[in-house]
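A look at the structure
Listed below, chain by chain, are the residues.
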Amino acid sequence: MKKVTYKASADIALVKYWGKKDEILRLPENGSISLILDGLDTITTIEFQEDLKKDDITIEGKSGNKETVRVAKHLNRIRKLAGKNIFAKVVSKNTFPKATGLSSSGSGFSALTFAATKALNLNLTEKELSILSRQGSGTACRCSCSGIVEWKDADSSEESYSETVFAADYWDIRDIVAVVDEGKKKISSTQGHTTAQSSKFFQLRQDGIKEKILKAKKYIKTKDFTKLGKLVESECLEFHSILITSNPALVLWYPGTMQVINEVENMRAEGIEAYYTINTGFNLHVLTLPEFEDEVEKRISSLSLVKKTINTKIGKGPEELVDHLF
């Protein structure tokens, strides 16, 4: 069987989803909008081998853990689709910290899905790949696309997929990722989704999501960075209010998180356009424009509680590579 390697990029949700209509199929409670981020990548090599008695999976140099079990389960879905009963050797690595709220599961399961389906000669459409990726990780549904992406709100698996709404080169937005800690989150997003509706503010947020998505797409279409930035930052705070008021409460911010937030607000007061957003974690994404990029990165990097920054821009969808990991 042929060896296949794919690179897929993580994303940052501008309008986020939280909670699931269906835990098994990973159908989200609401639609979402995100940017694919060039440079926050997962690279995965896979080869199906006749002599293997079980899947041989290594992620970031480790095997035999919950993550590899989850990968094997996803491989079972793909094998069933292909009508094949053959195990695989899988090696995967990231170019950024995983399990820290930077959507590593999204890029990971997207890269795995693209590589495994190609290795088994499955000829799937982008829509089918998005649907299949979603069943491994919800966010992977978006990471299967390019540029600025919308994950459609739907009640069935066949209609819950993502598509590119603006190409990667439509608008040159920059994202300075502020890494304040490289340790794993105490609670995974998968666990957190199950408590979403315990927040008394959950339904209130749901009532306004569709309008928020329409506004986000309007501001992107007209390239109104100020309005988009304000919406994204407000959405971030609203989203985290749901986490904080869930039972049990998910208070994910670290002191470094607040330090970056304060600095972003300071920069805006000085006329430097920058806006923050945070996934289910403590590390931040600071969105800005090319003319402010160097200053924003310099200011964020100089903060005492920031371990490092990663400079990214809007990226493309999964890409097959010729160099393999084994």
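1. A short note on the side chain of S9
Turning to its location among the elements, S9 is positioned in strand β1 (residues 3-15). Among the polar contacts made by the side chain of S9, one reaches the main-chain carbonyl oxygen of L37 at a distance of 3.5 Å. Here D41 takes part through its side chain, which lies 2.7 Å from a polar atom of the side chain of S9. Excluding residues that lie within four positions of it along the chain, S9 makes contacts with I36, L37, D38, L40, D41, S107, C143 and K316.

2. A short note on the layout of surface pockets
One way to see where empty space is left: roll a probe the size of a water molecule over the atoms. Of the voids in this model, the largest pocket is the one considered here, and its volume is about 1,200 Å³. When residues of the lining of the largest pocket are traced back to their parent elements, those giving at least two are β4 (32-48), α1 (66-82), β6 (88-94), α2 (104-119) and α5 (189-193). Broken down by element, the lining of the largest pocket gets its largest block of residues, 6 residues, from α2. Considering only residue class, the lining of the largest pocket consists of 13 nonpolar, 22 polar and 11 charged.

3. Structural notes on the packing of helix α8 (residues 255-269) against helix α9 (residues 290-301)
Relative orientation of the contacting elements α8 and α9 amounts to 145°, with a least axis distance of 10 Å. In this structure, α8 crosses over α9, and the sense of that crossing is right-handed. For the pair formed by α8 and α9, the contact residues are V260, E263, V264, N266 and M267 on the first element and V296, R299 and I300 on the second. Within the contact of α8 with α9, the residues separate by chemical class into 5 nonpolar, 1 polar and 2 charged.

4. What about the pairing of β1?
With 11 of 13 residues buried, β1 lies mostly within the body of the structure. Pairing of β1 with β4, which is carried by 11 bridges, proceeds in the antiparallel orientation. Its bridge partner being in β4, V15 is matched across the sheet by I33. Note that β1 and strand β13 (residues 319-321) share 3 bridges and pair antiparallel. Bridge pairing in β13 links T5 to L321.

5. Quick word on the packing of α2 against helix α3 (residues 126-134)
Relative placement of two packed helices is described by the angle separating their axes and the distance separating the axes. Across the interface, α2 lies against α3 with an axial gap of 9 Å and an inter-helix angle of 125°. The pairing of α2 with α3 is recorded here as oblique in orientation. Crossing geometry of α2 relative to α3 is assigned as right-handed. The segment α2 lies against α3, with F109, S110, T113, F114 and T117 engaging L129, L132 and S133.

Rules and cut-offs
Residues numbered from 1 in each chain as written. Predicted model: local features only at pLDDT ≥ 70, side-chain atom pairs only at ≥ 80, totals over all residues. Heavy atoms only, no water. Helix = DSSP H or I, 4+ residues; strand = E, 2+ residues; numbered from the N terminus. Polar contact = N/O pair within 3.5 Å; in protein donor to acceptor, adjacent residues only side chain to side chain. Contact = heavy atoms within 4.5 Å. 1 Å grid on protein atoms, 1.4 Å probe; cavity = no way out; pocket = protein on both sides within 12 Å on 5 of 7 lines; lining within 4 Å. Points joined across faces, edges and corners; volume = space filled by probe spheres on them. Nonpolar A, V, L, I, M, F, W, Y, C, P; charged D, E, K, R; others polar. Axes fitted to C-alpha atoms, helices over the stretch in contact; angles between N-to-C directions. Left-handed = near helix turned anticlockwise from the far one by under 90°. Buried < 20%, exposed > 50% of the residue type's maximum accessible area, 1.4 Å probe, protein only. Pairing = 2+ DSSP bridges. Parallel < 35°, antiparallel > 145°, perpendicular 65-115°, else oblique.

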